[in-house]
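Residues per chain are reported as follows:
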Amino acid sequence: MSSTGDASPDERERPVAVVVGGGLAGITAALALADGGMDVTLLEGRPRLGGLAFSFKRGDLTVDNGQHVYLRCCTAYRWFLDRIDGTSLAPVQERLDVPVLDAEKNRLGRLRRTALPVPLHLARSLATYPHLSLAERVNVGRAALALKGLDLADPALDERDFGSWLAEHGQSQRAIEALWDLVGIATLNAVAGEASLGLAAMVFKTGLLSDPGAADIGWARVPLGELHDTLARKALDSAGVRTELRTRVTSISRTDNGRWAVEVPEGPDSSGQILAADTVVLAVPQRETHDLLPDGALDDKARLLDIDTAPILNLHVVYDRKVLKQPFFTALGSPVQWVFDRTEASGLHASGPAGGQYLAVSQSAAQDEIDEPVAALRERYLPELERLLPAARGAKVHDFFVTRERTATFAPTPGVGALRPAARTGAPGLYVAGAWTATGWPATMESAVRSGVSAADAALATLGRPRGHLFREAA
């Protein structure tokens, strides 16, 4: 075993931090701690960084495990992109524009905004939205105004489900399907009836009712690994962070002099070591956090095990020709949710058949399908894509494969807010981070980055090194 030693903070020029976990939360915490003048080591058990927003190779294709998007109101993730020099690689729409295709009526509608102030920025789009009746559109407007009036600081909102609130405010099942769930399932990873009203209200108030451009959509035009692994590693290296991959932590404990000992056992890729640190940030999933937290660090760490998870399923289809002209669309009256063109980002133009196209179908809240065989999913979804995209009829399918994230996000069920811990624990120098912690946001890339910033800020403040805000809060 090797050790960094147990010199006191007064005997070292810079305090030492260890960040456990190399997802977005851990990367952010490591960067922020290093920027604050700490000597930082980042430990990640996988052979790459990026957590659940990563890429892999499949033949000549570079494939994202799932389609990840963000909104203009995601100021923390936008700061992160800027910090790793990746902003130009994941641009935001000039203005919100979402094509919505009704499969049953073969009718295309769009959710678009104008430059008018809130809530008028969506008035024209709602008034002409073809998937709802006039009465339903009027009721949607009334519900939106009621939603805008909710106090997000009211803990009672977390105890209610969004679906019952919508029903109380005159929303038909069609309105929930064609509008509220259209947004909510993609952002919350749950249908309205299974989502906390508090989290749903946060999503709609921040994304649609705060600023005209808040909901403009951004997504990576390159593989996610180029952002969250390659560029992130360069940024960490430049900041002086030591990054150790294939390094899984098995325990953390207090030493006699009040510091932390972070143990990495011997293994195929590690000779074994114990790292001594003044600050430790656990940026790993809630169950792993539970196992690593020493007793007493949280009032009731068993509550972490009550934070359930929700799956996301992604279907990947490579056609021999172009079948979709737009960068993405979402569907109604079909099991298909969101479809994205990933052709250029995957490298298909350079290596695939001429004129081919690669589509990624993102299926959130996929509890009923997450374990289905690939053959069954192919039999169900290829005809659906042909129904939605006439150009796909007769096109040859070069490849069809599936990626599954069974624990993609925490489940945003009513009551989950009371289970999510703050960054600071009851143990001095020990902090937690992750999209599942108490950020106020659902399980998104934005939440992950915010959690890393919160953990780093709490640690630096304790050490007398407070910093100013890294990013502007969304309105």
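Summarised in this report is the structure supplied together with it. As a convention, each chain's residues are numbered from 1 in the sequence order in which they are written. Predicted model: local features are reported for residues with pLDDT of at least 70 only, side-chain atom pairs are reported and counted for 80 or more only, and whole-chain, interface and lining totals are derived from all residues. Side-chain numbers here rest on the full set of heavy atoms in the structure, without hydrogens or water.

Comments concerning the overall build of the protein chain
Each helix corresponds to a stretch of at least 4 residues labelled H or I by DSSP, and each strand to a stretch of at least 2 residues labelled E; elements are numbered beginning at the N terminus. Looking only at helices and strands, the protein chain has 14 helices and 20 strands in total. Over its C-alpha atoms the protein chain spans a radius of gyration of 23 Å, differing by no more than 12% from the 23 Å that the globule rule assigns to 475 residues. Three exposure classes are used, based on accessible area relative to the maximum for each residue type with a 1.4 Å probe and protein chains only: buried under 20%, partly exposed in between, and exposed over 50%. Here the protein chain, with 475 residues, has 55% of them falling under the buried criterion. For this analysis, residues touch if any pair of their heavy atoms sits within 4.5 Å. Within the protein chain, counting contacts between residues at least 6 apart in sequence, those at least 24 apart form 69% of the total. Using a 1.4 Å probe, accessible areas were evaluated by the Shrake-Rupley method; residue-level cover was limited to the displayed protein chains. Total accessible area on the protein chain is roughly 19,700 Å²; 51% of this is exposed by carbon and sulfur atoms. Think of it this way: Lys and Arg go in the positive column, Asp and Glu in the negative one, and His and the chain ends go nowhere. A charged residue contributes its charge at one atom only: NZ of Lys, CZ of Arg, CG of Asp or CD of Glu. For the protein chain, the centre of its 50 positive side-chain charges and the centre of its 58 negative side-chain charges are spaced 7 Å apart. We compute the radius of gyration from the C-alpha atoms alone; for a globule the expected value is 2.2 Å times N to the 0.38, where N is the number of residues.

Digging into the packing of helix α4 (residues 134-148) against helix α7 (residues 173-188)
For the pair α4 and α7, interaxial distance at closest approach is 11 Å and the crossing angle is 60 degrees. Of the possible angle classes, the one that applies to α4 and α7 is oblique. For the crossing formed where α4 meets α7, the hand is right-handed. Listed contacts from α7 to E136, V140, A143, A144 and L147 of α4 are R174, A175, L179 and W180. Among the residues forming the contact of α4 with α7, the class breakdown is 7 nonpolar, no polar and 2 charged. Interaxial angles span 0 to 180 degrees and are taken between N-to-C directions of axes, which are lines fitted to C-alpha atoms, for helices over the stretch in contact. Any angle that falls under 35 degrees is termed roughly parallel, while one over 145 is termed roughly antiparallel, one within 65 to 115 roughly perpendicular, and all others oblique. By definition, any crossing whose near helix is turned counterclockwise from its far helix by less than a right angle is left-handed, and any crossing with a clockwise turn is right-handed. Put simply, Ala, Val, Leu, Ile, Met, Phe, Trp, Tyr, Cys and Pro go in the nonpolar bin, Asp, Glu, Lys and Arg in the charged bin, and everything else, Gly too, in the polar bin.

A short note on the nonpolar core
Of all hydrophobic cores here, the largest spans 119 residues; its most connected members are L33, Y77, F162 and W180. Filtering out sequence-adjacent residues up to four positions away, F162 remains in contact with L147, W180, A192, A195, S196, L197, A200 and F204. The criterion is simple. A nonpolar core is a set of buried Ala, Val, Leu, Ile, Met, Phe, Trp, Tyr and Cys residues joined through side-chain atoms within 4.5 Å. Y319, A331, L359 and L382 belong to the second largest nonpolar core, which has 26 residues in total.

Notes on the pattern of salt bridges
Whenever Lys or Arg places a side-chain nitrogen within 4 Å of a carboxyl oxygen from Asp or Glu, that contact is recorded as a salt bridge. Applying the stated rule across the entire model yields 21 salt bridges. Salt-bridge contacts for R174 lead to D102; the nearest nitrogen and oxygen are separated by 2.7 Å. Taken together, the residues R174 in helix α7 and D102 in strand β7 (residues 97-102) connect sequence positions 72 residues apart. A residue is classified by how much of its surface remains accessible, and R174, at 21% relative accessible area, is partly exposed. Note that R248 is salt-bridged to E288, the shortest N-O span being 4.0 Å. Taken together, the residues span a long stretch of sequence, with R248 in the loop between β10 (242-244) and β11 (251-254) and E288 in helix α10 (residues 286-292) at a distance of 40 residues. In this structure R248 comes out as partly exposed when scored by relative accessible area, which is 49%. Residues joined by salt bridges that share partners form a network here, namely R72, R113 and D216.

Here's the deal with the pairing of strand β14 (residues 279-282)
Both faces of the sheet carry side chains from a regular strand, because those side chains alternate between them. Residues T279 and V281 point to one face of β14 and V280 and L282 to the other, with burial holding for every one of them. Between any two strands, at least two bridges found by DSSP are needed for them to pair. Where strand β2 (residues 16-20) and β14 come together, 4 bridges link them in parallel fashion. Residue pairing for β14: A17 is matched across the bridge by T279. Two elements, β14 and strand β20 (residues 430-432), share 3 bridges in a ladder whose sense is parallel. Bridge pairing in β20 places V281 opposite Y431.

Some remarks on empty space enclosed by the protein
Points on a 1 Å grid, built from protein atoms alone, make a cavity when a 1.4 Å probe fits but cannot get out and make a pocket when they are open with protein on both sides within 12 Å along at least 5 of 7 lines; residues with an atom within 4 Å of a point are the lining residues. Grid points are joined across faces, edges and corners, and a volume is the space filled by probe spheres set on the points. Per the stated rule, a full pass over the model turns up 2 cavities of 30 Å³ or more. By volume, the largest cavity amounts to about 70 Å³. Contributing to the lining of the largest cavity are T62, V63, D64, G66, Q67, P223, H316, R342, A345, S346, Y358 and A360. Broken down by element, the lining of the largest cavity gets its largest block of residues, 3 residues, from strand β5 (residues 61-64). Here the residues of the lining of the largest cavity sort into 5 nonpolar, 5 polar and 2 charged. In this structure, the second largest cavity occupies an estimated 30 Å³ of space. Along the walls of the second largest cavity sit H68, Y70, Y77, A90, W219, A220, L224, L227 and M445, which together make up its complete lining.

Thoughts on the packing of helix α2 (residues 75-83) against helix α9 (residues 224-238)
Two numbers describe how α2 lies on α9: the axes approach to 9 Å, and their chain directions differ by 60 degrees. Classified by the interaxial angle, the pair formed by α2 and α9 is oblique. For the pair α2 and α9, contact is made by Y77, F80, L81 and R83 and by L227, H228 and A235, respectively. When grouped by side-chain class, the residues that make up the contact of α2 with α9 number 5 nonpolar, 1 polar and 1 charged.

Regarding the sheet that holds strand β16 (residues 328-332)
Read across the sheet, 7 strands follow the order β8-β7-β16-β17-β18-β15-β19 without closing on themselves; strand pairing throughout is mixed. One side of each edge strand has no neighbouring strand; the edge strands of this open sheet are β8 (107-112) and β19 (397-410). Recorded for the sheet is a direction-independent mean angle of 25 degrees between the axes of neighbouring strands. The pairing of β7 with β8 spans 6 bridges and is antiparallel.

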